[in-house]
Amino acid sequence: MEQNGVFKSVCSLDCPDQCGLLLHKKDGKIVKVEGDSEHPVTKGNICNKVRNMTERIYDVKRLEYPLKRSGAKGEGRFERISWDDAIETITTRWKALIQAEGPESILPYSFYGNMGLLNAEGMDRRFFHRLGASQLERSICSSAGSAGYKYTMGGSFGINPEDTVYSKLIIFWGINAASTNMHQVVLAQQARKQNGAKIVVIDVHKNQTGRLADWFIPILPGTDSALALGIMHILFAENMIDSSFLHQFTVGYEELRGHVNQYDPLTVSGITGVPVEDIYKLARMYGKTSPAFIRIGNGPQHHDNGGMFVRTVSCLPALTGQWLIRGGGAIKGNSGYLTINTENLQRPEFLKNKQTRIINMNQLGDALLKEEHPVKSLYVYGTNPAIVAPEGNKVRKGLVRQDLFIVVHDLFLTETAKYADLVLPATSSFENTDMYSSSWHHYLQIQLPVAEPYGESKSNVDVFRLLAKGMGFEDDSFEDTEAEMIAQALNHPRNPYLEGIEYETLLEKQYVKAKVKTLFPGKLPTPSGKIELYSERMEQDGYPPLPTYIPIVNDGDHPYQFIAAPNHNFLNSTFSNNQKHISLEKEPRLHMNRKDALDAGIEDGEQVRVWNHRGECVLKVTLGENVLQGVVVTQGLWADTEGTKQLVNTLTPDRIADMGGGATFFSGRVSIGVASHAPEAKLK
Ligand SMILES: Nc1nc2c(c(=O)[nH]1)N[C@H]1C(S)=C(S)[C@@H](COP(=O)(O)OP(=O)(O)OC[C@H]3O[C@@H](n4cnc5c(=O)[nH]c(N)nc54)[C@H](O)[C@@H]3O)O[C@H]1N2
Ligand SMILES: Nc1nc2c(c(=O)[nH]1)N[C@H]1C(S)=C(S)[C@@H](COP(=O)(O)OP(=O)(O)OC[C@H]3O[C@@H](n4cnc5c(=O)[nH]c(N)nc54)[C@H](O)[C@@H]3O)O[C@H]1N2
Ligand code: SF4
Ligand SMILES: [Mo]
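Computed from a predicted model, the values in this text were never measured in an experiment.

About the criteria used
Residues numbered from 1 in each chain as written. Chains lettered and ligands numbered in written order. Predicted model: local features only at pLDDT ≥ 70, side-chain atom pairs only at ≥ 80, totals over all residues. Heavy atoms only, no water. Helix = DSSP H or I, 4+ residues; strand = E, 2+ residues; numbered from the N terminus. Rg over C-alpha atoms; globule rule 2.2 N^0.38 Å. Buried < 20%, exposed > 50% of the residue type's maximum accessible area, 1.4 Å probe, protein only. Contact = heavy atoms within 4.5 Å. Areas by Shrake-Rupley, 256 points an atom, 1.4 Å probe, with all protein chains shown as cover. Lys, Arg positive; Asp, Glu negative; His and termini not counted. Charge placed at Lys NZ, Arg CZ, Asp CG, Glu CD. Pairing = 2+ DSSP bridges. Axes fitted to C-alpha atoms, helices over the stretch in contact; angles between N-to-C directions. Near = heavy atom within 4 Å. Nonpolar A, V, L, I, M, F, W, Y, C, P; charged D, E, K, R; others polar. Polar contact = N/O pair within 3.5 Å; in protein donor to acceptor, adjacent residues only side chain to side chain. Domains from an automatic or database assignment. Parallel < 35°, antiparallel > 145°, perpendicular 65-115°, else oblique. Left-handed = near helix turned anticlockwise from the far one by under 90°. Buried area = accessible area lost by both parts, 1.4 Å probe. Salt bridge = Lys/Arg side-chain N within 4 Å of Asp/Glu carboxyl O. Expected span 1.5 Å × (residues − 1). Arc of directions from axis to C-beta.

**What about the overall build of the protein?**
Now for step 1: Looking only at helices and strands, the protein has 26 helices and 27 strands in total.
Now for step 2: Taking 2.2 N^0.38 as the reference for a compact globule, 684 residues should give roughly 26 Å; the C-alpha atoms of the protein span a radius of gyration of 25 Å, in line with that estimate.
Now for step 3: On the principal axes, the C-alpha backbone points of the protein span a range of 70 × 65 × 50 Å.
Now for step 4: The burial tally for the protein puts 62% of its 684 residues in the buried class.
Now for step 5: Taking the contacts inside the protein whose residues are at least 6 apart along the sequence as the reference set, 76% of them involve residues at least 24 apart.
Now for step 6: Carbon and sulfur atoms make up 49% of the accessible area of the protein, which amounts to about 25800 Å² in all.
Now for step 7: In the protein, 72 positive and 79 negative side-chain charges are present, and the distance between their average locations comes to 2 Å.

**Regarding the sheet that holds strand β8 (residues 169–173)**
Now for step 1: Here 5 strands make up an open sheet; going across it, the order is β10-β9-β8-β12-β13 and the pairing parallel. Two strands close off the open sheet at either side, each with one partner strand: β10 (215–218) and β13 (329–331). Neighbour to neighbour, the strand axes of the sheet diverge by 15° on average, direction disregarded.
Now for step 2: Looking at chain direction, β8 and strand β12 (residues 292–296) are connected through 5 bridges and run parallel. Residue Ile171 lies in a different strand from β12, and its bridge partner there is Ile294.

**Structural notes on unusual backbone geometry**
Now for step 1: In this chain, Ser290 is followed by Pro291 through a cis amide linkage whose omega measures 0°.
Now for step 2: Inspection of the secondary structure assignment puts Pro291 in the loop between α14 (276–288) and β12.
Now for step 3: Following Phe520, the chain continues into Pro521 via a peptide bond in cis, with omega recorded as -5°.
Now for step 4: The backbone of Gln18 shows a phi angle near 40°, a positive value even though the residue is not glycine.

**Comments concerning the site of ligand 3**
Now for step 1: Around ligand 3, the neighbouring residues are Cys11, Cys15, Asp17, Gln18, Cys19, Ile46, Cys47, Lys49, Val50 and Met182.
Now for step 2: Here the shell around ligand 3 is built from residues that sort into 7 nonpolar, 1 polar and 2 charged.

**Thoughts on the site of ligand 2**
Now for step 1: Near ligand 2 you find 31 residues, and of these Thr383, Asp410, Ala564, Ser573 and Thr574 are the closest.
Now for step 2: Ser573 places a polar side-chain atom, nitrogen or oxygen, 2.5 Å from an oxygen atom of ligand 2.
Now for step 3: The contact in question runs from a nitrogen atom of ligand 2 to an N or O atom on the side chain of Asn649, over 2.8 Å.
Now for step 4: Burial of ligand 2 by the protein chains amounts to 95% of its free accessible area of 920 Å².
Now for step 5: Among the residues making up the shell around ligand 2, the classes are represented as 13 nonpolar, 15 polar and 3 charged.
Now for step 6: When residues of the shell around ligand 2 are assigned to domains, at least three map to each of domain 1 (67–139 + 338–437 + 443–513) and domain 3 (560–674).

**Quick notes on helix α20 (residues 392–399)**
Now for step 1: Counting buried residues in α20 gives 6 out of 8 residues, a clear majority hidden from the surface.
Now for step 2: For α20, the full list of buried residues reads Gly392, Lys394, Val395, Arg396, Gly398 and Leu399.
Now for step 3: Buried residues along α20 sit in contact with α18 (364–369), β15 (377–381), α19 (385–388) and β16 (405–410).

**Concerning the packing of helix α5 (residues 123–131) against helix α21 (residues 460–471)**
Now for step 1: Following both chains from N to C, one finds α5 and α21 inclined at 25°, their axes separated by 8 Å at the closest point. Judged by the inter-axis angle, α5 sits roughly parallel to α21. The two elements α5 and α21 cross, and the hand of that crossing is left-handed. On α21, the residues touching Met123, Asp124, Phe127, Phe128 and Leu131 of α5 are Val461, Phe464, Arg465, Leu467, Ala468 and Met471.
Now for step 2: Across the contact of α5 with α21, the residue classes tally to 9 nonpolar, no polar and 2 charged.

**Focus: the domain arrangement of the protein**
Accessible area lost when the parts come together is the quantity often used to give the size of an interface.
Now for step 1: Partitioning the protein into domains gives domain 1 (67–139 + 338–437 + 443–513), domain 2 (144–334 + 520–540) and domain 3 (560–674).
Now for step 2: Just the C-alpha atoms count here: the centres of domain 1 and domain 3 sit 30 Å apart.
Now for step 3: On the side of domain 3, 21 residues touch domain 1, which itself brings 18 residues to the contact.
Now for step 4: For the pair domain 1 and domain 3, the two sides together bury roughly 1600 Å², of which 51% comes from carbon and sulfur.
Now for step 5: Linking domain 1 to domain 3 there are 1 salt bridge.
Now for step 6: Taken together, the connections running from domain 1 to domain 3 amount to 12 residue pairs in polar contact (both at pLDDT 80 or more).
Now for step 7: Those elements that provide at least two residues to the side of domain 1 that touches domain 3 are α19 and α20.
Now for step 8: Looking at side-chain class alone, the side of domain 1 that touches domain 3 contains 5 nonpolar, 7 polar and 6 charged residues.

**Observations concerning helix α3 (residues 83–101)**
Now for step 1: Taking 1.5 Å as the rise per residue, α3 with 19 residues should run 27 Å; its terminal C-alpha atoms sit 26 Å apart, in good agreement.
Now for step 2: Considered for burial, the residues of α3 that qualify are Trp83, Ala86, Ile87, Ile90, Thr91, Trp94 and Leu97. For α3, the buried positions fall inside an angular range of 125° around the axis, keeping them on one side. Away from its buried face, by an angle of more than 90 degrees, α3 presents the exposed residues Asp84, Glu88, Gln99 and Ala100.
Now for step 3: The secondary structure elements touched by the buried residues of α3 are β6 (106–110), α5, β15, β16, β17 (422–425) and α21.
Now for step 4: Within two residues after α3, Gly102 carries a phi angle of roughly 90°, on the positive side.

**Description of the pattern of salt bridges**
Now for step 1: As enumerated under the stated definition, the model contains 33 salt bridges in all.
Now for step 2: Salt-bridge contacts for Arg80 lead to Glu456; the nearest nitrogen and oxygen are separated by 3.0 Å. Linking Arg80 in strand β5 (residues 78–80) with Glu456 in the loop between β19 (443–447) and α21, this pair joins segments that are 376 residues apart in sequence.
Now for step 3: The salt bridge involving Glu587 is made with Arg589; its shortest N-O contact spans 3.4 Å.
Now for step 4: Overall, Arg589 belongs to the partly exposed group, its relative accessible area being 28%.

**A few points about the sheet that holds strand β24 (residues 607–611)**
Now for step 1: Spatially, 6 strands are ordered β22-β26-β23-β25-β24-β27 in a closed barrel, and the strand pairing comes out mixed. Direction aside, the axes of adjacent strands within the sheet are offset by 45° on average.
Now for step 2: For strand β22 (residues 560–565) and strand β26 (residues 631–635), the ladder comprises 5 bridges, and the chain directions are parallel. Within the sheet, the bridge partner assigned to Phe562 lies in β26 and is Val632.

This is the structure in structure tokens:
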């Protein structure tokens, strides 16, 4: 491996932008991370988080060796062991468990801390399929919205973001794009400069993105479907629809026209908190501006009614025929274009028992506390559930169970790892070979190792190879090289967009664009082949067939809706343990409306106790007009440090959203009082 030079790379984080990177290496060490100006979409710009990535990958706290717990669970005391010992301990324990309780007593728990396909959903899947372990429904992120979008559009297909420079109206709907999809903001600003495009932001919080908008529309949480239906009401009433598009490319628009009668602006205003005149203004702006583009965010789909929100808002571009106009339409996600051959990569046929139970990752606490057929071993990789999963106190109660054998594979001794029996050190993505596909732009990318593995760390692929050997699994596929796995994943005749893309193409070009055609004219993968404004499939699945506003669940008698969203300088809990990023972010804050604070006797900058029936936090309050009355917002998934109480997910519900097994992080309610005289929280 070369010790000096500049190397092409890709950002592995769970972020839609999937930037092209340049890694500068000196004497074997990566000394600088910058954007690659040759990347066709990200063009050399990257976020501050990753600009400071060397602070993370060479953080003194980074794990170098396998560890065995020597203190109590959660305490964080460990001692060094060898890889041989670690693999031997795990496989001996698992063999015994399989014999005594069956393989479903073992639960893999993972997410996309590294988006690399081989490391996040490749060798691991082969291994756990062969093991026969419980299956995990990985629905913590965007699955409710994806299910809702699928009912309307047939799959994760939106427009090419590169075309949004032609847009004249850009609506960021429930997305904090300035922090979470920065290149969509760059493109929007380009459109503003080129075409005088207007940027509208609809959010419950006037954050970084709201502040750059031409028009910020604050809305009450969980009510966005009503606003979208109110817009439809006006589009029909004022004849701002494209009848020819509706005829040709949709089903059910006559039913929809009748159905949206009930969503008159006055009613919608009462639900959403958006003034009647603003609903008219927005509908007319949307109906009369072309190309109009909607970037559908993750925020509103983290509610009880999140699937239906995305289902509803995704009907809007059809009403005005925007899908036919370059720069018009919507993006919820674009992963449909880049689907790989999962059968080849993940070998589902290795799972012999087709009835193997499936556990929803949003209900980890329940899964660990269940007495019947209990989970006896948890293997965590690429995720940090002690911080990111809802009902945090339940999760902790599960993790401290003495009879639960926990293995955590990570780069750091995360909050979750502190509960582990064994901790395995992970390589960073810069030390691996892997393939990456974005959920937003249309490019596939490859990463080849740029640095040697840190200490004794190993990639997920390598660890699952070792575990397969330790378990005595003989199938050749556990010996496949990374190059072979990439080739197998790309060999996917059912996805025409990948035609002609091979491992060698990636090596040669680094950024390879899928052969995406415009969606229309064309046949969508819905049952009718058209956009389904009326969906029979939804009816069969027990949902209203037409887009409908269904209020979120009553979460208890607490005065404030609690939105615990991501922040700018962390990525979920990643970076929340790196000093550089902590110092950029300073501390968690609770944003509260000044009038609410006045009524409650709370002053700016005070420590407040935030509590409900699930848990409590103590946060510093920031007063202002950035949130509506009755709503409080905090940003960032912070770990607890000495003397702090800032694990926001102790307050969030683990109810399952209306669709896709999704999470409902933002549908919880809380009470708030000055920390010194608020009552102690009463926990369930
Ligand atoms: N800097 C940074 N970037 C990230 C992440 C991160 O943690 N930090 N996380 C990554 C991941 S995994 C994901 S999934 C994406 C998520 O990125 P986004 O799609 O931006 O989703 P969120 O940040 O969850 O929420 C977006 C916005 O929704 C708002 N919101 C909450 N409830 C409602 C509602 O009912 N209606 C409306 N209109 N708005 C609402 C929140 O205030 C927030 O501003 O970002 C990715 N990128
Ligand atoms: N309150 C609240 N909670 C939320 C959200 C929210 O908006 N509000 N957002 C939710 C969403 S959208 C998501 S996607 C989840 C995300 O939650 P997680 O998937 O848990 O994401 P991270 O917190 O970034 O944790 C990723 C972990 O993977 C590790 N890792 C990175 N690369 C590798 C690797 O190659 N191998 C291994 N073994 N480990 C690796 C990192 O060090 C890190 O500890 O959080 C959810 N939780
Ligand atoms: S986190 Fe997102 S914006 Fe930042 S470098 Fe990675 S892909 Fe780009
Ligand atoms: Mo996510």
